[in-house]
Amino acid sequence: MNTNKLTSILDLTGDDILEIFDVAAKLKGSNVRDYSNTMTGKILGMIFEKCSMRTRVSFEVAMAQLGGHPIYLTKQDINLGERESIKDGANVLSRYVDCIAIRTFGQEMVEELAKEASVPVINALSDYCHPCQALTDLFTIKEKRGSLDNVIVSYIGDGNNVARSLAFICAKLGTPFRIATPENYELDKNTLSIVDEIASDNFSISVGNDPQSAAKDADVIYADTWTSMGQESEAVTRRNDFKGFQINSELTAQAKDNVIIMHCLPAHRGEEITDEVIDGPNSAVYDQAENRMHIKKALLKLMIK
Ligand code: CP
Ligand code: NVA
């Protein structure tokens, strides 16, 4: 893998993605003691301007178990772009750390940081996309199904950061993707035209507003929150607009018997997904969360030179 930035899935080729999956699978199957010197002396700077449990902890554990050291930097600590320019911050951080992960609001900040930094930069979620999540999701599906060929991934909910990264990665890998959102919550036209441009053989996409038809014979049903971080003031409206888009037993009954239920978490039980479904036998949500860590290890191993 040659890229030194992961600002979005668009920075990766299909082969890069498969290489990340191979390395993640190998690390997952190994004893920590066998690779705990891989990153000796290396430092990961982690800028988090939004809350996180999975992304933060999986990055910290991944770096520590590889033998390196993570540093957690909140907005209160460094206030990038306000206390000093992103350019100065990126250049100075590049003198101290070997890789930067950033979770922030605007995608522009991630891209500017990647442009200015001389060390690899990884997007740990922006309003635009969540590439580390999508890598984990397709890795988890491949692990469970053995292959990604003809696996229908149906995302039901908001056309948000998580949905966009899923659409991009499915297009790159040729995995059929369906998305059902309420009206006015669709993925934007620009995203759909990028998906068209990057689509590889066997990829197909279905975009609509009907959860039942998206769920029909699906291999994967995927949920995310209806209200993402930064949209809290819209929560009441959204709860209303997303009625009918809940992942419940009635909806999952439309899918294949061995459907995989996925959610990036955190989940709002009783809103976008019911207890019965998330706790049911087809749920992969905790495996998915665990795999965040294995994918992080692979990314750090491949990107930090
Ligand atoms: N899925 C995910 O990114 O979770 P966190 O927000 O807890 O990191
Ligand atoms: N779409 C959600 C994902 C959280 C992991 C958000 O941005 O808040």
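Residues numbered from 1 in each chain as written. Chains lettered and ligands numbered in written order. Predicted model: local features only at pLDDT ≥ 70, side-chain atom pairs only at ≥ 80, totals over all residues. Heavy atoms only, no water.

Q: Hey, could you run me through the packing of aromatic side chains in this one?
A: What characterises a pair of aromatic rings is the spacing of the ring centres plus the angle enclosed by the ring planes. Counted according to the given criterion, the structure contains seven aromatic pairs. Between Y185 and F242 the ring centres are 4.7 Å apart and the planes differ by 55°, which places this aromatic pair in the tilted class. Taken together, the positions of Y185 in the loop between β7 (177-180) and α8 (189-198) and F242 in the loop between α10 (235-241) and α11 (249-252) put the pair 57 residues apart, joining distant regions of the chain. When sorted by exposure, Y185 lands in the same class as F242, which is buried. Connected via pairs of aromatic rings, a cluster forms that spans Y185, W226, F242 and F245. (Phe/Tyr/Trp six-rings, centres within 6.5 Å; stacked < 30°, edge-to-face > 60°. Helix = DSSP H or I, 4+ residues; strand = E, 2+ residues; numbered from the N terminus. Buried < 20%, exposed > 50% of the residue type's maximum accessible area, 1.4 Å probe, protein only.)

Q: Is there a simple way to explain the sheet that holds strand β8 (residues 205-208) in this structure?
A: As a general point, the strands of a sheet are linked pairwise by backbone hydrogen bonds and lie either parallel or antiparallel. Pairing is parallel across the open sheet formed by five strands, whose spatial order is β8-β7-β6-β9-β10. Two strands in the sheet have a free side with no partner beyond their single neighbour: β8 and β10 (260-263). On average, each strand axis in the sheet is inclined to that of its neighbour by 15°, with strand direction left out of account. When β7 meets β8, the two strands line up parallel, connected through four bridges. Residue I179 lies in a different strand from β8, and its bridge partner there is V207. With respect to the sheet, helix α7 (residues 161-173) is in contact with β6 (153-156), β7 and β9 (220-223), its orientation differing from that of β7 by roughly 160°. (Pairing = 2+ DSSP bridges. Axes fitted to C-alpha atoms, helices over the stretch in contact; angles between N-to-C directions. Contact = heavy atoms within 4.5 Å.)

Q: Looking at this structure, I do not really get unusual backbone geometry. What am I missing?
A: Along the chain, L265 connects to P266 via a cis peptide bond; the corresponding omega equals 5°. Phi is positive for N150, which is not a glycine, with a value near 60°. In this fold, N150 is placed in the loop between α6 (131-145) and β6. For D217, which is not glycine, the phi dihedral falls at a positive 60°. Structurally, the position occupied by D217 is in the loop between α9 (211-215) and β9.

Q: Please clarify how the layout of surface pockets should be interpreted in this entry.
A: In this approach, a probe sized like a water molecule rolls over the atoms, and the result shows the empty space that is left. In this structure, the largest pocket occupies an estimated 350 Å³ of space. R103, L125, M229, L265 and P266 are, among the 23 residues lining the largest pocket, the residues nearest its centre. Listed by contribution, the elements that provide at least two residues to the lining of the largest pocket are α2 (54-65) and α7. Within the lining of the largest pocket, the residues separate by chemical class into eight nonpolar, nine polar and six charged. (1 Å grid on protein atoms, 1.4 Å probe; cavity = no way out; pocket = protein on both sides within 12 Å on 5 of 7 lines; lining within 4 Å. Points joined across faces, edges and corners; volume = space filled by probe spheres on them. Nonpolar A, V, L, I, M, F, W, Y, C, P; charged D, E, K, R; others polar.)

Q: I tried to follow the environment of I47 on my own but got confused; where do I start?
A: Residue position: I47 is located in strand β2 (residues 43-48). A residue is classified by how much of its surface remains accessible, and I47, at 0% relative accessible area, is buried. C-alpha separation for the pair I47 and I71, spaced 24 residues apart in sequence, amounts to 8.5 Å. Sequence-distant contacts of I47, that is, excluding residues within four places in its chain, are made with L73, I78, L80, L93, I100, A101, I102, R103 and L113.

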